[in-house]
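# Breakdown of the fold
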Amino acid sequence: MASSSQVKLPHPRSPSPPPGPLPIRRLEESLINRIAAGEIIHRPASALKELLENSLDAGSTSIRVTVKDGGLKLLQIQDNGCGIRKSDLPLLASRFATSKLTTFSDLSSLQTYGFRGEALASISHVAHLSVVTKVKGDDCAWKAHYVDGVLAPPKPGFTADPRPCAGNDGSSITAEDLFHSTPLRLSALKSPSEEYTRILDVMTKYSIHNPSVSFVCKKASSTSPDLSTPSDSTTPQTIRLLYGSNVGKELIHVEATASSTKAKSKDKGRRRRGSKAEQTKEGTKGKGKARDCSAEDGDDEDNAVAEEVSDSDMEQDAAVAWKAHAYVTGVNYHVKKMVFLLFINNRLVESPRIKRAIEAVYNGVLPKGTCPFVYLSLHIDPQSVDVNVHPTKREVHFLDEESVTQRVCDAIQEVLVANSGSRTFQYQTLLTGGMLDDKDAGERTERDPGEVDLPENSSIQTQRKIYSNQKVRTSTQDRTLDSMFPVINPSQAPATSSPAEPSRKINIKESACILTSVQSLRSDILKRRHSSLTEIIEKHIFVGIVDLNRSLSLLQHATKLYLVNHGALAEELFYQLGLRQFGNFGRFRLDPPAPLRSLISLAVDNEDSIEKNGLAKDEVTDAIFSIISGRRDMLSEYFSLSINAADEIETLPLLLQDYIPNLDKLPLFLMRLGPQVNWMDERDCFDSFLRELAFFYVPGPLIPVTSNAEDHMPEEKSEKWQIQHVVFPAMRKYLNAPKTLLERDVVQVASLPDLYKVFERC
């Protein structure tokens, strides 16, 4: 007979009444502290949120976070704030010990994130806590360890008193072995990667809400950060950095107050062109009924954007009851899940009521099942906000929520109506009607659009009827008269060997190279090749240049019209041509030779950021000169960049016949060879050098022409001729277009069949 295992279950509560009431006992202090710690510190991300707020309250301008195993093994935050006095260290991890609150009435005018003094106390009860801090002006830093809210010795046999050590101004707080004393909470947490994702989410939100503070977050085992933002930035720049241009280019700035609303659109820039949104502030007083808002914990939202508003605005106009600043996306941006970020008096909170109201505004302008991106920052009179309603400050109460919500929604609706006159549709997923196989694409053959494939043994030769809306009325074989007469840039005419010769067919052979690094880079080009986009470039018809300064051109392929960034395409072309001719470049000679040091010095003198970083321009020039001149043999052998004994540049690599780059960019090219090329690794060295060389070859002036256009007419005319009759024909033959160009450099703007449908309705 098989034996059966039995599991002991807890006995059910007896239905009979107890013999008497149970006695009431006072809980031990350690038990009280652990219960309180469990309410405040839910996971590593909530501990980081408390520490981040402490650093921001300390006036930090740089915050660095290091994480190991999702913050469970190590969670360290380092800032450059005001630090902590040595005399305050014994009370640092004690419950209800704070420097931000003195009397209960101070809650009505609270301007800081924290006020209870429970964060560090709670962390010390669930982790091994250590602090290194230094106040500006002190001779040394002080290091202290804490266990269960009190000072503890770092090792057995040592004293618990703070010890002097080396350190920078500010504080460095380290929490190790988080939840080691609560194994049930530890086992309930998700994987370390999931916890690290939550930490990054918290860092992202606070970094965008505080663009003037530099944030860095990385894993302990990694040398490069997963999140990094500069200091003294702006909210739009930080949004574009962390969330990409898809959100950044569609942002609309909205402002609302108790009596009026106003909004303005954020300028949208294309590639390598940023923009700054001007901010205006006004408002009047309002009263109302108290409602609840609860803080956002990051579980429902993936990303969010915030704008920092100075507290001095409330002081400038005492009559202001509330004001709202929002960044929302227009009708051209929509995703499946709404990204909503709400700050009330700089506190990260959430309000289902406000969120539903904003969703209702967008229901009429976005496709069904899609949502917008919304960031809302409310600044309310502190006397109208109650922040002491939740252990983790997840909830706040403030007056007149219904009125505030209605006015904010009205402002958003007003700006959406004002900016919905036109819509943008992306056609990148419908690049071409017919897709070439890889082997067919490599043959570079031309076919009649009306031709039909027939079996080889078929004796019937027929053609499919082509309707008007499917006809292609141009051909790649067409040639214009101006293509036979090159237009030479007057400033570069002496550099060409035969400027009067007409353009001839280009034939660039791939050089034989046994270096594995070069072979690996060549194979990477083929792996990144997008067959549909490559087909468009192969068989395009050049329509014209739309904007020379912004590098925009129009191309036609079959029955579709595309707007392309010819600068980005040219940069990829010249990079691939550099790899194709590696070690066997042509040369064009500089007459007279150009002094290397003078060119580098010219570029360095125009870099204002060098002195801001505390560097001397002469030292930077000498360092770059030493790097380049010390590798003159390699540069001459591999890249045909010749430097003579007098440290003068005699020749430069010629990547494409009949094309000379803008030599005004030569000083910048030489200066960038110093910091931008990794000279220590062979593969990275070749790759980064060729990227810089390709950037040097990209058509366009060093500085966009904005005035005296007539003076630059010969140069512009020559540049347009080279783009149309030299660069784009080379793209047809040699460019293996990568998929990355589809992100924002190639966009379909029209389709002949679709246009016929529109005109048929008229």
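Residues numbered from 1 in each chain as written. Predicted model: local features only at pLDDT ≥ 70, side-chain atom pairs only at ≥ 80, totals over all residues. Heavy atoms only, no water.

This next bit is on the overall build of the chain. A tally of regular secondary structure across the chain gives 22 helices and 25 strands. Within the chain, the fraction of its 762 residues that count as buried is 44%. Taking as baseline every contact in the chain between residues at least 6 positions apart, the subset at least 24 positions apart corresponds to 73%. A total of about 40300 Å² of accessible surface is found on the chain, and carbon and sulfur atoms cover 51% of it. (Helix = DSSP H or I, 4+ residues; strand = E, 2+ residues; numbered from the N terminus. Buried < 20%, exposed > 50% of the residue type's maximum accessible area, 1.4 Å probe, protein only. Contact = heavy atoms within 4.5 Å. Areas by Shrake-Rupley, 256 points an atom, 1.4 Å probe, with all protein chains shown as cover.)

One open sheet holds the four strands; their spatial order is β19-β20-β21-β25, and the pairing between them is antiparallel. Each end of this open sheet is capped by a strand with a single partner; those strands are β19 (541–547) and β25 (746–751). For this sheet, the mean angle separating the axes of adjacent strands, direction not counted, is 25°. Taken together, the five bridges between β19 and strand β20 (residues 552–557) define a ladder with antiparallel strand orientation. Paired with I541 across the bridge in β20 is Q556. In this fold helix α14 (residues 566–580) packs onto β19, β20, β21 (560–565) and β25, with an angle of close to 70° to the strand it touches most, β21. (Pairing = 2+ DSSP bridges. Axes fitted to C-alpha atoms, helices over the stretch in contact; angles between N-to-C directions.)

This paragraph deals with the packing of helix α12 (residues 516–527) against helix α20 (residues 682–697). A pair of packed helices is captured by two measures, namely the crossing angle of their axes and the spacing between those axes. Taken N-terminus to C-terminus, the directions of α12 and α20 make an angle of 55°; their axes are 9 Å apart at the nearest point. Viewed along their axes, α12 and α20 adopt a mutual orientation that is oblique. Of the two elements, α12 crosses α20, and the hand of that crossing is right-handed. Here S517, V518, S520, L521 and D524 of α12 come into contact with α20, specifically with E682, R683, F686 and D687. Considered class by class, the residues forming the contact of α12 with α20 number three nonpolar, two polar and four charged. (Parallel < 35°, antiparallel > 145°, perpendicular 65-115°, else oblique. Left-handed = near helix turned anticlockwise from the far one by under 90°. Nonpolar A, V, L, I, M, F, W, Y, C, P; charged D, E, K, R; others polar.)

Taken together, the side chains of D605, D608, E611, D618 and E619 make up a negatively charged region of the molecular surface. In this fold, E619 is placed in helix α17 (residues 617–629). (Patch = residues over 30% accessible without salt bridge, like charges linked within 9 Å, V, L, I, M, F, W, Y side chains within 5 Å. Salt bridge = Lys/Arg side-chain N within 4 Å of Asp/Glu carboxyl O. Lys, Arg positive; Asp, Glu negative; His and termini not counted. Charge placed at Lys NZ, Arg CZ, Asp CG, Glu CD.)

It is worth spelling out the side chain of S629 at this point. Position of S629 relative to the elements: it lies in helix α17. A polar atom in the side chain of S629 sits 2.7 Å from the backbone oxygen of F625. The contacts of S629, once residues within four sequence positions are left out, are L596 and D647. (Polar contact = N/O pair within 3.5 Å; in protein donor to acceptor, adjacent residues only side chain to side chain.)

Moving on to the sheet that holds strand β23 (residues 642–643). By way of backbone hydrogen bonds, the strands of a sheet pair with one another, either parallel or antiparallel. One open sheet accounts for three strands, arranged β22-β24-β23; its pairing is antiparallel. Across the chains shown, the open sheet's two edge strands, defined by having one partner strand only, are β22 (586–595) and β23. One ladder, built from two bridges, connects β23 with strand β24 (residues 648–654); its direction is antiparallel. The residue of β24 that forms the bridge with I643 is I649.

Next up on the list: helix α10 (residues 401–418). Helix length check: α10 (18 residues) gives 26 Å between terminal C-alpha atoms against 26 Å at 1.5 Å per residue, within 8%. Buried within α10 are the following residues: E401, V404, T405, V408, C409, A411, I412, V415 and L416. Seen from one end, α10 has its buried residues packed into an arc of 155°, which puts them on one side. Turned more than 90 degrees away from the buried face of α10, the exposed residues are V417 and A418. (Expected span 1.5 Å × (residues − 1). Arc of directions from axis to C-beta.)

This next bit is on the pairing of strand β13 (residues 322–329). The side chains of a regular strand alternate between both faces of the sheet. For β13, the tally of buried residues reaches eight of eight residues, placing the bulk of the element in the interior. Neither face of β13 is open: one carries W322, A324, A326 and V328, the other K323, H325, Y327 and T329, and all of them are buried. Where β13 and strand β16 (residues 373–380) come together, seven bridges link them in antiparallel fashion. Pairing of A326 across the sheet is with L376, part of β16.

Time to look at the packing of aromatic side chains. Scanning all chains against the criterion turns up 19 aromatic pairs. Grouping aromatic residues by their ring pairs yields a cluster made of F574, F582, F585, Y638, F639, Y659, F669, W679, F686, F689, F696 and Y697. Over the ring of W142 we find K86; its NZ or CZ atom is 4.0 Å from the centre of that ring. The cationic tip of R691 hangs over the ring face of Y575; the distance from NZ or CZ to the ring centre is 3.5 Å. (Phe/Tyr/Trp six-rings, centres within 6.5 Å; stacked < 30°, edge-to-face > 60°. Lys NZ or Arg CZ within 6 Å of the ring centre and 35° of its normal.)

Here the focus is the nonpolar core. Counting 75 residues, the largest nonpolar core has F574, I649, F669, L670, F689, Y697 and M731 as the members making the most contacts within it. When residues no more than four places from it in sequence are discounted, the contact partners of L670 are L596, L599, I600, I624, I628 and I649. One finds L72, M203, V339 and Y375 within the second-largest nonpolar core, a separate group that totals 54 residues. (Core = buried A, V, L, I, M, F, W, Y, C linked by side-chain atoms within 4.5 Å.)

The next subject is the packing of α12 against α14. Relative orientation of the contacting elements α12 and α14 amounts to 140°, with a least axis distance of 10 Å. Judged by the angle between their axes, α12 and α14 are oblique. Between α12 and α14 lies a crossing of left-handed hand. In this structure, α12 uses V518, L521, R522 and I525 to contact α14, whose residues at the interface are Y575, Q576, L579 and R580. Of the residues that constitute the contact of α12 with α14, the class distribution is five nonpolar, one polar and two charged.

With that settled, consider the pattern of salt bridges. This model, assessed by the stated rule, comprises 14 salt bridges. Where R672 meets E692, a salt bridge forms, and the shortest distance between an N and an O atom there is 2.6 Å. With R672 in helix α19 (residues 666–676) and E692 in helix α20, the pair connects residues that are 20 residues apart, well separated along the chain. For R672, a relative accessible area of 25% puts it in the partly exposed group. A residue is classified by how much of its surface remains accessible, and E692, at 8% relative accessible area, is buried. What emerges from the salt-bridge pattern is a single network uniting R528, E572 and R691.

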